[in-house]
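Below are the chains, spelled out letter by letter.
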Amino acid sequence: MTAKTIATIGIVLFSITTLTSCGNTIRGMGADAANTVDATQDAGRKVDRAAN
């Protein structure tokens, strides 16, 4: 293999790894946002029940 081929393969592997990491971060942030919404709704229900 030539140096150019090895460099190209390395760049492709690096790009795939980087994009995969971004996907995990985006999914994680989405899960955190969903958990925040659920916790806020639960707190609202508790306040509503306490007020009655």
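Just so it is clear, the model here is predicted, and its values are computed rather than measured. (Residues numbered from 1 in each chain as written. Predicted model: local features only at pLDDT ≥ 70, side-chain atom pairs only at ≥ 80, totals over all residues. Heavy atoms only, no water.)

1. Observations regarding the pattern of salt bridges
Here is step 1 of the chain: Evaluation of the coordinates by the stated rule reveals one salt bridge.
Here is step 2 of the chain: In this structure, the salt-bridge partner of Lys46 is Asp42, at a minimum N-O distance of 3.6 Å. Of this pair, Lys46 and Asp42 both sit in helix α1 (residues 3–51), four residues apart, which is roughly one turn of that helix.
Here is step 3 of the chain: Its relative accessible area of 31% is what places Asp42 among the partly exposed residues. (Salt bridge = Lys/Arg side-chain N within 4 Å of Asp/Glu carboxyl O. Helix = DSSP H or I, 4+ residues; strand = E, 2+ residues; numbered from the N terminus. Buried < 20%, exposed > 50% of the residue type's maximum accessible area, 1.4 Å probe, protein only.)

2. A look at the environment of Gly10
Here is step 1 of the chain: One can find Gly10 in helix α1.
Here is step 2 of the chain: With relative accessibility at 35%, the residue Gly10 sits in the partly exposed group.
Here is step 3 of the chain: Sequence separation between Gly10 and Asn24 is 14 residues, and the spatial gap between their C-alpha atoms is 21 Å.

In short, shape yes, function no, at least from these values alone.
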